[in-house]
Amino acid sequence: MAETQAGLIVWDVDGTLIPADLRWLRRAVARTYGIEESAVVFPAARVHGYTDESIVVDTAIASGVASEAAEEGFNRYAEVLMEVMSQGEAELARDQAAYPGAAHTIATLAEHGYVQTALTGNLRVSAEFKLAVAGLDSHLDLDIGAFGSDARERFDLPAFVADRFQAKYGHPIEPTRTIIIGDAPNDIATARHAGFGVVAVAHRLTPEELAGHSPDAIVNELDSDKVLEAVRSAQAIQSTVRIDR
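Here is what the cut-offs are and how they apply
- Residues numbered from 1 in each chain as written.
- Predicted model: local features only at pLDDT ≥ 70, side-chain atom pairs only at ≥ 80, totals over all residues.
- Heavy atoms only, no water.
- Buried < 20%, exposed > 50% of the residue type's maximum accessible area, 1.4 Å probe, protein only.
- Helix = DSSP H or I, 4+ residues; strand = E, 2+ residues; numbered from the N terminus.
- Pairing = 2+ DSSP bridges.
- Core = buried A, V, L, I, M, F, W, Y, C linked by side-chain atoms within 4.5 Å.
- Contact = heavy atoms within 4.5 Å.
- Salt bridge = Lys/Arg side-chain N within 4 Å of Asp/Glu carboxyl O.
- Axes fitted to C-alpha atoms, helices over the stretch in contact; angles between N-to-C directions.
- Parallel < 35°, antiparallel > 145°, perpendicular 65-115°, else oblique.
- Left-handed = near helix turned anticlockwise from the far one by under 90°.
- Nonpolar A, V, L, I, M, F, W, Y, C, P; charged D, E, K, R; others polar.

Trainee: Even after reading the chapter, I still don't get the pairing of strand S2 (residues 114–118), so can you show me in this structure?
Mentor: Successive residues of a regular strand alternate their side chains across the two faces of the sheet. Among the five residues that make up S2, five are buried, leaving the element largely enclosed by the rest of the structure. Of the strand pairs in this sheet, strand S1 (residues 7–11) and S2 are connected by five bridges, and their pairing is parallel. Paired with Val 10 across the strands is Thr 117, a residue of S2.

Trainee: What exactly am I supposed to notice about unusual backbone geometry here?
Mentor: Apart from glycine, the bulk of residues carry a negative phi angle, and the bulk of peptide bonds sit in the trans form. Of note in the backbone geometry, Ser 214 takes a positive phi value of approximately 60° without being a glycine. When you line up the elements, Ser 214 lands in the loop between helix H9 (207–211) and strand S5 (217–219). Using a relative accessible area of 45% as the deciding quantity, one classes Ser 214 as partly exposed.

Trainee: Explain the nonpolar core here, please?
Mentor: Among the nonpolar cores identified, the biggest contains 31 residues, and Trp 11, Ile 181 and Val 199 are the most heavily contacted of them. For this core, the elements supplying multiple residues, two or more each, are S1, helix H5 (102–111), S2, helix H6 (124–134), strand S3 (178–182), strand S4 (197–201), S5 and helix H10 (224–244). In terms of residue count, H10 provides more of this core than any other element does, five residues in total. The residues touching Ile 181, leaving out its near neighbours within four places in the chain, are Ile 9, Val 10, Trp 11, Asp 12, Thr 16, Val 199, Val 201, Val 227 and Val 231. If you look at the next biggest cluster of nonpolar residues, it comprises 24 residues, including Ala 30, Phe 74, Tyr 77 and Leu 81.

Trainee: Even after reading the chapter, I still don't get the environment of Val 133, so can you show me in this structure?
Mentor: Mapped onto the secondary structure, Val 133 falls in helix H6. The sequence separation of Val 133 and Gly 101 amounts to 32 residues, and the corresponding C-alpha distance is 16 Å. In this structure Val 133 touches Glu 89, Leu 92 and Ala 93, once residues within four positions along its chain are discounted.

Trainee: Would you explain the pattern of salt bridges in this entry?
Mentor: Opposite charge on two side chains makes pairing possible when the charged atoms of those side chains draw close. According to the stated counting rule, one finds 17 salt bridges in the structure shown. With a closest N to O distance of 2.9 Å, Asp 14 and Lys 130 form a salt bridge. Of this pair, Asp 14 sits in the loop between S1 and helix H1 (23–33) while Lys 130 sits in helix H6, and the two are 116 residues apart along the sequence. In terms of burial, Asp 14 and Lys 130 fall into one category: buried.

Trainee: Which parts of the structure should I look at to understand the environment of Glu 37?
Mentor: Of note, Glu 37 is situated in the loop between H1 and helix H2 (52–62). In the structure, Glu 37 is positioned 119 residues away from Asp 156 in sequence and 31 Å away in space, judged by C-alpha atoms. If sequence neighbours within four positions are ignored, Glu 37 has contacts with Arg 26, Arg 27 and Ala 30.

Trainee: Could you clarify how one ought to interpret the packing of H2 against helix H3 (residues 67–87) in this entry?
Mentor: Axes are the key here: two packed helices are described by the angle between their axes and the distance separating the axes. One can describe the packing of H2 onto H3 by two numbers: an axis separation of 9 Å at closest approach and a directional angle of 125°. In terms of their interaxial angle, H2 and H3 are classed as oblique. For the pair H2 and H3, the sense of crossing is right-handed. Here Asp 52, Glu 53, Val 56, Val 57, Ala 60 and Ile 61 of H2 come into contact with H3, specifically with Ser 67, Ala 70, Glu 71, Phe 74, Tyr 77 and Leu 81. In terms of residue class, the contact of H2 with H3 is made up of eight nonpolar, one polar and three charged.

Trainee: Looking at this model, I keep getting lost on the sheet that holds S4. Mind explaining?
Mentor: Within a sheet, adjacent strands bond to each other through the backbone by hydrogen bonds, running parallel or antiparallel. Reading across the sheet, the five strands line up as S2-S1-S3-S4-S5 and stay open at both edges, with parallel pairing between neighbours. Looking at the sheet topology across the chains shown, the edges are occupied by S2 and S5. Across the sheet, the mean angle from the axis of one strand to that of its neighbour is 25°, orientation sign disregarded. Taken together, the three bridges between S4 and S5 define a ladder with parallel strand orientation. Of the residues in S5, the one forming a bridge with Val 199 is Ala 217. Each of S3 and S4 touches helix H8 (residues 185–194); the most contacted strand, S4, lies at about 175° to it.

Trainee: Can you walk me through H5 in this structure?
Mentor: Along an α-helix, residues three or four apart share an orientation, since each turn contains 3.6 residues. For H5, the complete set of buried residues consists of Ala 102, Thr 105, Ile 106, Ala 107, Thr 108 and Leu 109. Just beyond H5, the residue with positive phi is Gly 113, at close to 90°.

Trainee: Hey, could you run me through H8 in this one?
Mentor: Taken as a whole, H8 has its buried residues at Asn 186, Asp 187, Ile 188, Thr 190 and Ala 191. Structurally, H8 contributes buried residues whose contacts are with helix H7 (157–169), S3, S4 and H9. Phi for Gly 195, located one or two positions after H8, is positive at around 80°.

Written out as structure tokens, the structure reads:
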């Protein structure tokens, strides 16, 4: 098994590699709970950067579903979501195509020796489907990733990456060489909680807005050279922080 010397890159998916789009959640919530799509109400503060389970349950409750029924209904959600996404595959490919530079950036990081995976609030089945449709799965080792199907709270997901990485490579990850790349404040908070470095991509928030959450580096787009530079900068910052401690 190949050993990485460069580090581990942990990608967010929606808003980072592909545009975020709530239509699939809306359709699947409506079908899961037997309500009209027009009646689906997303909670204002708990959508981007959270896990599907927390989003779906909170959305069902905000849409008028009783708490107990909202929790129980989530057991059906994965199957319904995949039906919705499979039926809309052409729509997904058209409207959620990978951000410019995403595929080339992933390939470039792989060429420089980085192992790459995903940490996302998506259920694993939907994350795999989205990445495959977008043509972004060839250099991502999703077997060591973490997904919304692993835990409800996003802060719990880095531990799954650590455990799966060690099981595959036979040694622990090195936090100073592990970088989360995401677009939302909660991606930054998750990296900090785990002791990882973090590069923020200004796809939805401005660089100034992201800077308020203190990532190690910010890129405006998925330009492979700029992302590689940002990752190396984040690793250097994390190494210095660890030495100072």
